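Inside the fold
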Amino acid sequence: MTAPDIPLSAPDIPLSAPDITDAEIDAVVSVLRTPRLSLGPQIEQFEAAMAAYIGVPHAVAVSSGTAGLHLALLALGISSGDEVIVPSFTFIAVANAVRYVGALPVFADIDPETLNLSPSSVEAAITPRTRALIAVHTFGRPADIVALLDIANRHNLRVIEDVCEAIGAEVGGRRVGSFGDAGVFAFYPNKQITTGEGGMVVTRQAETAQRIAAFRNHGRYESGSQAPAQPANTWLDHAWFDHVELGYNYRLSEMQCALGLAQLARIDDILARREAIARRYCDLLCDDPDLLLPAVDIPGQRLSWFVFVVRLASSLARADRDRISHDLAAAGIATGRYFAPIHLQPAYATWRESAHLPITESVAARTLALPFFNRITGEQIDRVCSVLRFASRGKS
Ligand SMILES: *Cc1c(COP(=O)(O)O)cnc(C)c1O
């Protein structure tokens, strides 16, 4: 076997890139001139701004999207012996968070058109131990949240929306993240908006929000929030060193919150720009018979473009996809093979036997994420498309 010839130098056209303006830099620097670097006014403003943007009463900032998933599961009472239905065609954090609380992730297959959880596959995965499902809005396209909520209602399941790839996406004029028991956002640098590292959990439930806020801060309940009742002889000073439950340090710093606020202030422009880039890619690639392009206009929905993922026609195989990816890399163009199915990862070896996910495996073998970031130029898009057309024609 020969080693893959990926160039050692950085690609000319990266897969993603953050979009940081002077407004973001000034916001972070101003925080550094104050004495409050954690748990100050920025976190409160960032939480209030996110809650208002999504259209829910509560938002709790956390240190990552993964931390948000972990705390949402804890706050909703998911624990060992419980089963949680998740997609395998997604980022591994979704299943890992279920394991952090001692519960068992159960994989359901996806819809080949939306690449989101297939409601019938979810229904088939339900057992008497199923307590929750995580509805991921994959690549910024809303999941079939109405059907999933209906299944959850009929089987008394909690619903966590993973909105880490879909901030601002809408179903029926309502923003995703506002439908389930909790919605989890992430602000890693490749997301639509970034805080470097960071996350946010939104919810309509005051109690869920208070529990998440306590879990992120060593199990401390803030004054004014309702801590669970305690036995009489516990040491409670009603002060900073009261630790009511086993908590974590999943806080987001004031600098990160200031960065997030400045990014959120530009979100309409950011999402519009990303949509324009997606449309340009579609215009340039739509007549290539070897490529399946993502839908851009879906009645009743608004997409939020996280990545631009093309799929190869079923006549092409995983080896073709990998060759095309190498050809693009050789031309200085980065691509991503999103997503390697979770149930086929070494960390999930014990899931491999039981999982029957033919659509996930077929789709995952043929996806290719193209360079996609706010400041990509028209010329760069043209170059990506011409190299891609040339590469995809040379079938192996
Ligand atoms: C990015 C992402 C997360 C969270 O990622 P962090 O790196 O922990 O912020 C979770 N789920 C999905 C689907 C994601 O894309």
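These numbers were taken from a predicted model, which means no experiment stands behind them. (Residues numbered from 1 in each chain as written. Predicted model: local features only at pLDDT ≥ 70, side-chain atom pairs only at ≥ 80, totals over all residues. Heavy atoms only, no water.)

**Details of the packing of aromatic side chains**
Aromatic ring pairs are reported here in terms of the distance separating the ring centres and the angle at which the planes meet. Rule in force here: Each Phe, Tyr or Trp ring, with Trp reduced to its six-membered ring, pairs with another whose centre is within 6.5 Å; inter-plane angles below 30 degrees give stacked pairs, above 60 give edge-to-face pairs, and intermediate values give tilted ones. For the exposure calls, accessible area comes from a 1.4 Å probe over protein chains only, and a residue counts as buried if that area is under 20% of its type's maximum, exposed if over 50%, partly exposed in between. Throughout this description, the term charge over a ring refers to an Arg CZ or Lys NZ atom that lies within 6 Å of the ring centre and within 35 degrees of the ring normal.
Evaluation of the coordinates by the stated rule reveals 12 aromatic pairs. With a centroid separation of 4.9 Å and an interplanar angle of 55°, the aromatic rings of tyrosine 348 and tryptophan 351 are classed as tilted. Its relative accessible area of 0% is what places tyrosine 348 among the buried residues. Counting every residue linked through ring pairs, the aromatic cluster contains Phe89, Phe139, Tyr338 and Phe339. One cation-aromatic arrangement involves arginine 174 over phenylalanine 179; the distance from NZ or CZ to the ring centre is 4.1 Å. Arginine 175 extends its terminal NZ or CZ atom over the ring of tyrosine 53, reaching a point 3.9 Å from the ring centre.

**Details of the nonpolar core**
To keep things clear, this is the line we draw: In plain words, nonpolar cores are sets of buried Ala, Val, Leu, Ile, Met, Phe, Trp, Tyr and Cys residues tied together by side-chain atoms within 4.5 Å. Numbering of helices and strands starts at the N terminus; helices are DSSP runs of H or I of at least 4 residues and strands are runs of E of at least 2. Start and end points for every domain follow an automatic or database-based domain assignment. Contacts: residue pairs with any heavy atoms within 4.5 Å of one another.
Within the largest apolar cluster, 45 residues are counted, with the highest numbers of intra-cluster contacts made by Phe46, Met50, Ile167, Phe185 and Met200. Ranked by residues supplied to this core, first place goes to helix 2 (residues 41–54) with six residues. Counting contributing residues per domain, this core is built from domain 1 (22–264) and domain 2 (267–393), each supplying no fewer than three. The residues contacting phenylalanine 46, other than those within four sequence positions of it, are Phe187, Thr195, Met200, Leu252, Cys257, Gly260, Leu261 and Leu264.

**Remarks on the sheet that holds strand 11 (residues 301–302)**
As a general point, the strands of a sheet are linked pairwise by backbone hydrogen bonds and lie either parallel or antiparallel. Put simply, the test is: Any two strands with at least two DSSP-identified bridges between them are counted as paired.
What the three strands build is an open sheet, ordered 7-6-11; its pairing is antiparallel. Single-partner strands in this sheet number two, and they are strand 7 (174–175) and strand 11.

**Topic: the environment of threonine 66**
Within the secondary structure layout, threonine 66 lies in helix 3 (residues 65–75). Sequence separation between threonine 66 and alanine 186 is 120 residues; the distance between their C-alpha atoms is 7.8 Å. Ignoring sequence-local partners within four residues, the contact set of threonine 66 consists of Ala93, Ala97 and Tyr100.

**Focus: the domain arrangement of the protein**
Short version of the rule: Buried area adds together the accessible area that both of two parts lose upon being put together, with accessible area traced by a 1.4 Å probe.
Under the domain assignment used here, the protein contains domain 1 (22–264) and domain 2 (267–393). Placing the centre of domain 1 and that of domain 2 at their C-alpha centroids yields a distance of 26 Å. Taken together, the contact between domain 1 and domain 2 spans 38 residues of the former and 35 residues of the latter. Roughly 3100 Å² of surface becomes buried between domain 1 and domain 2 when both sides are summed, with 62% attributable to carbon and sulfur atoms.

**Observations concerning the site of the ligand**
Just so we agree on the cut-off: Any residue with a heavy atom positioned within 4 Å of a molecule or strand is treated as near that molecule or strand. Throughout this description, a polar contact denotes any pair of N or O atoms lying within 3.5 Å of each other; where both atoms belong to protein, one of them has to be capable of donating a hydrogen while the other can accept it, and for residues adjacent in sequence the pair is counted only when both atoms sit in side chains. Gly counts as polar in this scheme, as do all residues outside two lists: the nonpolar Ala, Val, Leu, Ile, Met, Phe, Trp, Tyr, Cys and Pro, and the charged Asp, Glu, Lys and Arg.
In the vicinity of the ligand, the contacting residues are Ser64, Gly65, Thr66, Thr90, Phe91, Val94, Val136, Asp162, Cys164, Glu165, Ala186 and Lys191. A distance of 2.6 Å separates an oxygen atom of the ligand from a polar side-chain atom of glutamate 165. Of the residues that constitute the shell around the ligand, the class distribution is five nonpolar, four polar and three charged.

**Notes on helix 12 (residues 378–393)**
Because an α-helix completes one turn every 3.6 residues, residues spaced three or four positions apart along the sequence face the same direction. Which entries qualify depends on this criterion: Multiplying 1.5 Å by the residue count of a helix minus one yields the expected span of that helix.
Along its 16 residues, helix 12 runs 23 Å from first to last C-alpha, staying within 8% of the 22 Å computed at 1.5 Å per residue. Taken as a whole, helix 12 has its buried residues at Gln380, Ile381, Val384, Cys385, Val387, Leu388, Ala391 and Ser392. Where the residues of helix 12 are buried, they touch helix 9 (267–285), strand 10 (291–292), helix 10 (318–330) and strand 13 (367–370).

**A few points about the sheet that holds strand 10**
What counts is decided by this rule: Each axis is a line fitted through C-alpha atoms, and for a helix only the stretch in contact is used; angles between axes span 0 to 180 degrees, taken between their N-to-C directions.
Strand order in the open sheet made by the three strands is 10-12-13, with antiparallel pairing throughout. Strands at the two margins of the open sheet, each flanked by one partner only, are strand 10 and strand 13. Here four bridges tie strand 12 (residues 308–312) to strand 13, and the two strands are oriented antiparallel to one another. Paired with valine 310 across the bridge in strand 13 is leucine 368. With respect to the sheet, helix 9 is in contact with strand 10, strand 12 and strand 13, its orientation differing from that of strand 12 by roughly 25°.

**Re a nonpolar patch on the surface**
Definition in use: Patch membership needs two things, relative accessible area over 30% and no salt bridge, and members are linked within 9 Å if like-charged or within 5 Å if nonpolar (Val, Leu, Ile, Met, Phe, Trp, Tyr). Here, Shrake-Rupley sampling with a 1.4 Å probe gives the accessible areas, and only protein chains in the shown set may cover a residue. Between Lys or Arg on one side and Asp or Glu on the other, a salt bridge is scored when a side-chain nitrogen of the former is within 4 Å of a carboxyl oxygen of the latter.
There is a patch of nonpolar side chains on the surface, built from Ile20, Ile25 and Val29 and spanning about 200 Å² of accessible area. Residue isoleucine 25 is classed as partly exposed on the basis of its relative accessible area of 44%.

**What about the packing of helix 2 against helix 8 (residues 254–264)?**
Basically, it comes down to this: Crossing handedness: left-handed means the near helix sits turned counterclockwise from the far one by under a right angle, and right-handed means the same turn made clockwise.
At a minimum axis separation of 8 Å, helix 2 and helix 8 run at an interaxial angle of 35°. For helix 2 against helix 8, the interelement crossing comes out left-handed. Residues Pro41, Gln42, Ile43, Gln45, Phe46, Ala49, Met50 and Tyr53 of helix 2 form the contact with helix 8, whose participating residues are Glu254, Cys257, Ala258, Gly260, Leu261 and Leu264. Per-class residue counts for the contact of helix 2 with helix 8 are 10 nonpolar, three polar and one charged.

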